[in-house]
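Close look at the chain arrangement
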Amino acid sequence: MSQDRTISRAKTVSLGADRPIRLACGVDLGPFTVAFETYGTLNADRSNAILICHALTLDQYVASPNPVTGKPGWWHTLVGPGKAIDTDRFFVICPNVLGGCMGSTGPGEINPATGTPWGLSFPVITIGDMVQAQVRLIDHLGIDQLFCVIGGSMGGMQTLEWAHSHPDRVFAAVPIATSYRHSAQNIAFHEVGRQAITTDPDWHGGDYFSHGVKPHRGLAVARMAAHITYLSEPALHRKFGRSLQDRDSVGYGFDADFQVESYLRYQGSTFVDRFDANSYLYITRAMDYFDLATEAGGVLANAFRDTTVRWCVISFSSDWLFPTSESRAIVHALNAVAANVSFVEVNSDKGHDAFLLDEPEFHDTLTGFLKGAEERRGLPVEPRKAPKP
Amino acid sequence: MIATTTSNGIRVDLKLIADLVEPRTRVLDIGCGDGALLDYLYKVKQVDGRGIELSMAGVRAAVSQGLSVIQGDADTDLKDYPSDAFDYAILSQTLQATRDPRGVLENLLRIGRRAIVSFPNFGHWRNRLQILGQGRMPVTESLAYQWWETPNIHFCTIRDFSELCDTLGITVEKSFTLDRHGHPLQRPVHSRRANLFGVEAICVLKR
């Protein structure tokens, strides 16, 4: 097996020039660009493709170093040769979402009609619109049916949307740490983040590009607030407790006395280097609007009626942003239509972030589920190789 | 619980249940543990199987083998399933641990065209002897818990079970009892001797 099979190639493709996508808000969008990464090789009958959908602030660099931050891919522990999502066996596709800021069409990209950045003239998009754009990408790659769609958090919403709106094009689906609808509490947290951005004087009504500035402070605060929701109280306590930052006693001022403050400030400050503030507004909005039950006429089970998809729903015990109860609601709806579903709650005290971390129970579950699905899909079963160090 | 295994590595009582299942059918195994029965049914009988298991350790073990298993509870989660969704609903060694055995039985026969239920027989002579002779709650190979730690909260004898089936209008299509080694006894399950000598009963039920 040649080494280049697993080397990723940065790609962008322009889609929808002749046939725009009709967005939920009624606007026709086309042409639009999708930036994506692929890993592994598509087999002859094009049956081994796995689509990975990324979360709010992540991107297409799922298993290869991020060119902006230089950090390893966000799921490099999970995706690669011999790993749970084995790129020796599967052709892995990870697109940047519509509205994103890593090469796919979004508010920070140039509007071809005006030659200037879209800014707030970019249409408001939904999770369904993101999936529509991905469907065009999968068409473009000549794939009729994805072997599996996998995603955590907002990626899980896209996974649910895929299986709901294109059940014939999805053999298996793995929604992780997600919900079928964004809760009031989650919308509330998003609104705090958006307010932080839009009240930053440097935001300029979304037109900060023409002013040569960026709403760094607002975006950093949005990130800090959001970051807390990705962790858990025990995880924060274990990591920082009440430890002080570079000092022996409190400073009786408003510097970052505590390590946890310093940590959050750092998270905020590094985030602004890699993320666009307007993208943050648009993508959080897309999550807020997501409600598969309402889309299905008020009964979630109707979203999955007659589904032939093999499901594996995964949640994490300490995730309070997308708690297990919401995964369980998805499972109950799938049971109500006698769907083929597995459901595992992984024990972890690391909060929502656990889905991005090295959690052996999670990885074993995913490996086993994919193996079972491969057998039933009739993909050639070869002995698995040990993961490379 | 009878722990003897067969040459295929599956527990004897599970193998007996598997023998009752027609090939290429749809099966829901409630209280499926680590999925041993489902795995056997899939490999040997090409069964389209699903499982429900209370313990997360069991669920993870089963899903890691590629089986379709969810974490759930026989008492609360069976109501979600549509009627006639499965050919068989199997409840092995779990009925006595449910809060509402009657409701569970009704749900099994709503979801499945048939139900296969196995349970420990509290009327076995050793149990009777321990209560009568020692005046204590029985602790035996098949009921291996002290009273204060047992998950089994609704014991019944074979006779009790038959009566409940009668009350619910459930037909016992096939049934047999097992001895302490897991071997089937050649006695009709409704006989007094079965209720005295059967350690465990396995019944195929029909609406």
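The structure under discussion appears in the preceding block.
Report follows, based on the coordinates. Owing to the predicted nature of the structure, the values given are computational and were not obtained by experimental measurement.

Helix and strand counts for chain A come out as 10 helices and 12 strands. Its C-alpha atoms give chain A a radius of gyration of 21 Å, near enough to 21 Å, the size a compact globule of 389 residues would have. If you line up chain A on its principal axes, its C-alpha atoms span 65 × 50 × 50 Å. Counting the 389 residues in chain A, one finds 55% classified as buried. Looking at chain A alone, contacts between residues at least 24 apart form 71% of all its contacts between residues at least 6 apart. Counting only carbon and sulfur atoms, one obtains 54% of the accessible surface of chain A, whose full area is about 15600 Å².

So, about the nonpolar core. In this structure, Trp75, Ile85 and Ile93 of chain A are the most contacted members of the largest nonpolar core, which totals 152 residues. Split by domain, this core shows at least three residues from each of two domains, domain 1 (3-183 + 290-377) and domain 2 (186-285) of chain A. In this structure, Ile93 of chain A is in contact with Phe36, Glu37, Thr38, Ala49, Ile50, Leu51, Ile52, Leu137, Ile138, Leu141, Ile143 and Leu146 of chain A, ignoring residues within four places of it in sequence. Core analysis: the second largest hydrophobic core is formed by 20 residues, Leu14, Ala18, Leu37 and Val204 of chain B among them.

Another point: the interface of chain A and chain B. Taken together, the contact pairs 26 residues of chain A with 21 residues of chain B. Across the interface of chain A and chain B, roughly 1900 Å² is buried in total on both sides, 46% from carbon and sulfur atoms. For chain A, the biggest contributors to the area lost against chain B are Asn335, Ala338 and Arg376 of chain A; these three give 25% of the whole. In this assembly, chain A and chain B are joined by 1 salt bridge.

Turning next to the pattern of salt bridges. For the coordinates displayed, the defined rule picks out 25 salt bridges over all chains. For Arg285 of chain A, the salt bridge is made with Asp288 of chain A, and the minimal N-O distance between the two is 3.2 Å. A residue pair is termed a helical-turn pair when its members lie 3 or 4 positions apart in one helix, as Arg285 of chain A and Asp288 of chain A do in helix H7 (residues 277-289) at 3 residues. Using a relative accessible area of 8% as the deciding quantity, one classes Asp288 of chain A as buried. Of the charged contacts in the structure, one is a salt bridge between Arg180 of chain B and Glu141 of chain B, with a shortest N-O distance of 3.5 Å. Residue Arg180 of chain B is located in the loop between strand E6 (171-178) and strand E7 (184-185), and its partner Glu141 of chain B is located in the loop between helix H6 (125-134) and helix H7 (158-168); the two are separated by 39 residues in the primary sequence. Classification of Arg180 of chain B by relative accessible area gives partly exposed; the value is 38%. In the salt-bridge network here, residues are joined through shared partners; they are Glu191, Arg194, Arg285 and Asp288 of chain A.

Rules used in this analysis
Residues numbered from 1 in each chain as written. Chains lettered and ligands numbered in written order. Predicted model: local features only at pLDDT ≥ 70, side-chain atom pairs only at ≥ 80, totals over all residues. Heavy atoms only, no water. Helix = DSSP H or I, 4+ residues; strand = E, 2+ residues; numbered from the N terminus. Rg over C-alpha atoms; globule rule 2.2 N^0.38 Å. Buried < 20%, exposed > 50% of the residue type's maximum accessible area, 1.4 Å probe, protein only. Contact = heavy atoms within 4.5 Å. Areas by Shrake-Rupley, 256 points an atom, 1.4 Å probe, with all protein chains shown as cover. Core = buried A, V, L, I, M, F, W, Y, C linked by side-chain atoms within 4.5 Å. Domains from an automatic or database assignment. Buried area = accessible area lost by both parts, 1.4 Å probe. Salt bridge = Lys/Arg side-chain N within 4 Å of Asp/Glu carboxyl O.

Taken by themselves, the reported measurements are silent on function.
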